[in-house]
Amino acid sequence: MSGVSKIYDYDECFRPQYHFSPPRNWMNDPNGMFYYDGEYHLFYQYNPFGNKWGHMSWGHAVSPDMVHWEHLPLALAEENGEMIFSGSGLVDWKNTSGFGIDGQPPLIAIYTGHVPGDPVRQYQCIAYSNDRGRSWTKYDGNPVLDIGKSDFRDPKVMWFEPGAYWVMTVALSVEKKIQFYESADLKSWNFLSEFGPAGSTEGLWECPDLFALSVDGDNSKVKWVLQVDIDSGSVGGGSGGQYFIGDFDGKFFKVDEANSPKFLTPESSPGKMLALWLDYGKDFYAAVSWSDIPEEDGRRLWLAWMSNWQYAQHVPTYPWRNAMSLPRSVELRTTASGIRLFQMPARELKQLRARHFQVAPFVMAADSKLDVVPEITSSLLELKVEFEVKDAQEFGLRLCESEFDETAIGIALSSSEIYVDRSKSGFVDFHDDFPGRHRAPFLPEALVRLHIFVDRSSLEVFVNDGRIVFTEIIFPGERSHGIELFSIGGSTGLLLFEGWTLKPSMKSGNRG
Ligand code: FRU
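Residues numbered from 1 in each chain as written. Predicted model: local features only at pLDDT ≥ 70, side-chain atom pairs only at ≥ 80, totals over all residues. Heavy atoms only, no water.

Undergrad: Even after reading the chapter, I still don't get the site of the ligand, so can you show me in this structure?
TA: Taken together, 13 residues are adjacent to the ligand, and Asp29, Gln45, Arg153, Asp154 and Trp309 come closest. Interatomic distance of 2.6 Å between a side-chain N/O atom of Asp154 and an oxygen atom of the ligand. Glu206 places a polar side-chain atom, nitrogen or oxygen, 2.9 Å from an oxygen atom of the ligand. Relative to its free-state accessible area of 320 Å², the ligand is covered by the protein chains to the extent of 95%. Sorting the residues of the shell around the ligand by element identifies strand 1 (25-36), strand 5 (83-91), strand 9 (152-160) and strand 13 (205-215) as the ones contributing at least two each. A per-class count over the shell around the ligand returns six nonpolar, three polar and four charged. (Near = heavy atom within 4 Å. Polar contact = N/O pair within 3.5 Å; in protein donor to acceptor, adjacent residues only side chain to side chain. Areas by Shrake-Rupley, 256 points an atom, 1.4 Å probe, with all protein chains shown as cover. Helix = DSSP H or I, 4+ residues; strand = E, 2+ residues; numbered from the N terminus. Nonpolar A, V, L, I, M, F, W, Y, C, P; charged D, E, K, R; others polar.)

So, in structure tokens, the structure goes:
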């Protein structure tokens, strides 16, 4: 990045046009996200030297709106045999760390130092910036928390206002535990408590996040969300994210029985389904929320790495590998099964809308297939579709469709599920774990609402206001622009079908 003058045109095959991707080279987890002085900061696990995982360092970008990104030089580099693993960032408003100068709050990054060897060492470190994040200094008293473990990583730090101290949420990955520590100054940390194993314990636990949210928008009802990723054994296979709903009193996280999954018995699929999943697609990992979003905004915003450890090193893209999901706002709402997390695309994305198109409502006859809006040939799309359940057994739509490929979104009433099927989505055979149909349990009521985003090589589907989400990468043919509706074994009402072609946002200001 820094010192390299080549300008990538962001028009390579499969290059996302409005999702964040690094100019070149390998990227995994989002890191260190905070908002300060009009800028959303996004750091990310980055290999400055290649298109595969290695030499982990923190890449960096800033944005006024989470949609248009400006790349900045590497923030934290691998040094002296110590890689910079995932972690968080924040504004130290009260200068508790003492790193501030001239009355300006210092910006702090909290990361895992990873030292390969036998044994591997992982410990928590901090770095600070006094120039709006443009340069970073590693604290000379690092590590700030070392318990002598090999799998102790991904610290997320927040200010706990009632106790007026910092809380670190960090994973003991192999033990499938989350630990909590407190600190007055970000430099010395005391153990508070731990949580787990619980929920899905098949894979390593990584990249936790902890935050409070009001329930149903009612500020007198607050619950805490503990987000925990697992590197394998997720609902769609491979890596994915689960969450717990409960209370955090500044010391302990206590999960709510009433808001835990109870629709499946432990016998039905041990470990696997007794979790609340963030996403039913395969490509939403290490979600982490922005710190220091202004109170007057009030949203909890996050994004995730849009890939899966099963095949991330093999995806057919060059000279970069992997992108981030869309920025989303997360909310808690009461459902018949208890309180659940809902995710919706951030409203800032509306500025990308270009050409509007729509189809008048009609009833799709039994066993019909219908090419809609054939004049739309963009692979940057936002769609809003509303189906009325009638007597069809299965209905939905196919996107990125041609005579050779398609990606299907379907509601199958006989098996009570909603699915995304990318087994014929184009280039699928670069890895055995890539093609497939990914499912979420779903008992539709009268209406099914879908909000869909396509960006050349990705598809995000928000179902019924974000109660269920699918995030999937796809590699369709260059001319696979078809949008087809289908209704099998009966009819289906189409109440709404409208969309927009979208403008690219990643082309300007992207110096590699
Ligand atoms: C998750 C993860 C983290 C780790 C980082 C290393 O994807 O394994 O636990 O900090 O990636 O790149």
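Undergrad: Just to check I follow, could you spell out the packing of aromatic side chains for this structure?
TA: Centre distance and the angle of the planes are the two values used to describe a pair of aromatic rings. With the rule as written, the count across this model stands at 41 aromatic pairs. When the centroid spacing of 5.8 Å and the interplanar angle of 75° are considered together, the rings of Trp53 and Phe85 count as edge-to-face. Taken together, the positions of Trp53 in the loop between strand 2 (39-46) and strand 3 (57-63) and Phe85 in strand 5 put the pair 32 residues apart, joining distant regions of the chain. When the ring of Phe430 is compared with that of Phe434, the centres are 4.8 Å apart and the planes differ by 45°; the resulting orientation is tilted. Exposure remark for Phe430: the relative accessible area of 17% places this residue in the buried category. (Phe/Tyr/Trp six-rings, centres within 6.5 Å; stacked < 30°, edge-to-face > 60°. Buried < 20%, exposed > 50% of the residue type's maximum accessible area, 1.4 Å probe, protein only.)

Undergrad: Teacher, can you tell me more about the sheet that holds strand 5 here?
TA: Hydrogen bonds between backbone groups are what pair the strands of a sheet, and the pairing can be parallel or antiparallel. Here we have four strands laid out as an open sheet, ordered 5-6-7-8, and antiparallel in their pairing. Of all strands in the sheet, those with a lone pairing partner are strand 5 and strand 8 (137-138), marking the two edges. (Pairing = 2+ DSSP bridges.)

Undergrad: Quick question: what am I supposed to make of the sheet that holds strand 25 (residues 368-372) here?
TA: Taken in spatial order, the six strands line up as 25-34-27-28-29-30 in an open sheet, and their pairing is antiparallel. Looking at strand neighbours, the two that pair on one side only are strand 25 and strand 30 (437-441), the edges of this open sheet. For this sheet, the mean inter-axis angle between neighbouring strands, taken without regard to orientation, is 15°. (Axes fitted to C-alpha atoms, helices over the stretch in contact; angles between N-to-C directions.)

Undergrad: Quick question: what am I supposed to make of the pairing of strand 33 (residues 468-473) here?
TA: On a regular strand, one side chain projects to one face of the sheet and the next to the other, so that they alternate. Within strand 33, six of the six residues are buried, which leaves the element mostly enclosed by the surrounding structure. What you see with strand 33 is no split at all: Ile468, Phe470 and Glu472 on one side and Val469, Thr471 and Ile473 on the other are buried throughout. Pairing between strand 32 (residues 458-463) and strand 33: six bridges, direction antiparallel. For Glu460, the partnering residue across the bridge sits in strand 33 and is Thr471. In this antiparallel pair of consecutive strands, strand 32 and strand 33, the connection spans four residues, and Asn464 shows a positive phi of 45°.

Undergrad: Sorry if this is basic, but what is going on with the domain arrangement of the protein here?
TA: Interfaces are often sized by the amount of accessible area the parts lose when they come together. Domain parsing of the protein yields domain 1 (27-345) and domain 2 (351-509). Roughly 2,800 Å² of surface becomes buried between domain 1 and domain 2 when both sides are summed, with 63% attributable to carbon and sulfur atoms. When the buried area of domain 1 at its contact with domain 2 is split by residue, Tyr280, Met306 and Pro316 rank highest and sum to 20% of it. Linking domain 1 with domain 2 are 16 residue pairs in polar contact (both at pLDDT 80 or more). Counting only elements with at least two residues in the side of domain 1 that touches domain 2, the list comes to strand 4 (70-76), strand 21 (328-335) and strand 22 (338-345). For the side of domain 1 that touches domain 2, the element with the highest residue contribution is strand 22, accounting for six residues. (Domains from an automatic or database assignment. Buried area = accessible area lost by both parts, 1.4 Å probe.)

Undergrad: Any chance you could explain unusual backbone geometry here in plain terms?
TA: Excluding glycine, most residues fall at negative phi; most peptide bonds, likewise, are trans. Along the chain, Gly196 connects to Pro197 via a cis peptide bond; the corresponding omega equals 0°. Summarising the element assignment, Pro197 is placed in the loop between strand 12 (190-195) and strand 13. For Lys176, which is not a glycine, the phi torsion comes out positive at approximately 55°. Within the element layout of this structure, Lys176 appears in the loop between strand 10 (165-172) and strand 11 (177-183). Exposure remark for Lys176: the relative accessible area of 17% places this residue in the buried category.

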